[in-house]
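Fold and contact review
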Amino acid sequence: QVQLVESGGGLVQAGGSLRLSCAASARSGDIFSIHEMGWYRQPPGEPRELVATMSDRFGTNYGDSVKGRFTISRDDAKKTVYLQMNSVKPEDTAVYYCHALLVSRYGLGSPEDYWGKGTLVTVSS
């Protein structure tokens, strides 16, 4: 099966920086194409919200609250998406989830959504 493996979460002081990584893991050749990769987050007691995505069809998209501070990038050869978080604020505290829309041998040729298990980012004031 396809798994999204996140790393890079942790505790950071307000104003600092953190870099998250997420790699799509599967047996060699099982992932045929990746249409979109990105990040969502869920603050405590709140619903999941968009952070940033990179889509082959729709380009790059950021949530309003992170524009100008966070930068998303993709390395398709490594099937990895990164999130560079700068000038972090206490309100950035959340569980960050990696998302991918991809085609694999498990989806019978149709794009499917995959989610990582999440990585906790805590910003102290």
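Everything here concerns the structure above.
Summarised in this report is the structure supplied together with it. (Residues numbered from 1 in each chain as written. Predicted model: local features only at pLDDT ≥ 70, side-chain atom pairs only at ≥ 80, totals over all residues. Heavy atoms only, no water.)

Grouped together as the largest cluster of nonpolar side chains are 28 residues, with contacts concentrated most on Leu20, Trp39, Val51, Phe70, Leu83, Met85 and Tyr96. Those elements that place two or more of their residues in this core are β3 (18-25), β4 (31-42), β5 (49-55), β7 (70-75), β8 (80-85), β9 (94-104) and β11 (119-124). Among the elements that line this core, the one with the most residues is β9, at five residues. Among residues more than four places away in sequence, those in contact with methionine 85 are Gly16, Ser17, Leu18, Leu20, Arg69, Phe70, Tyr96 and Val121. (Core = buried A, V, L, I, M, F, W, Y, C linked by side-chain atoms within 4.5 Å. Buried < 20%, exposed > 50% of the residue type's maximum accessible area, 1.4 Å probe, protein only. Helix = DSSP H or I, 4+ residues; strand = E, 2+ residues; numbered from the N terminus. Contact = heavy atoms within 4.5 Å.)

Take the sheet that holds β7 next. Strand order across the open sheet formed by four strands is β1-β3-β8-β7, with antiparallel pairing between neighbours. Bordering the open sheet on either side are β1 (3-7) and β7, each of which pairs with just one other strand. On average, each strand axis in the sheet is inclined to that of its neighbour by 15°, with strand direction left out of account. Across six bridges, the pairing between β7 and β8 is antiparallel. Pairing of isoleucine 72 across the sheet is with leucine 83, part of β8. (Pairing = 2+ DSSP bridges. Axes fitted to C-alpha atoms, helices over the stretch in contact; angles between N-to-C directions.)

Attention now goes to the environment of glycine 16. Take glycine 16: it is sitting in the loop between β2 (10-13) and β3. C-alpha of glycine 16 to C-alpha of proline 44: the two residues are 28 residues apart in sequence and 21 Å apart in space. The contacts of glycine 16, once residues within four sequence positions are left out, are Met85, Asn86, Ser87 and Val88.

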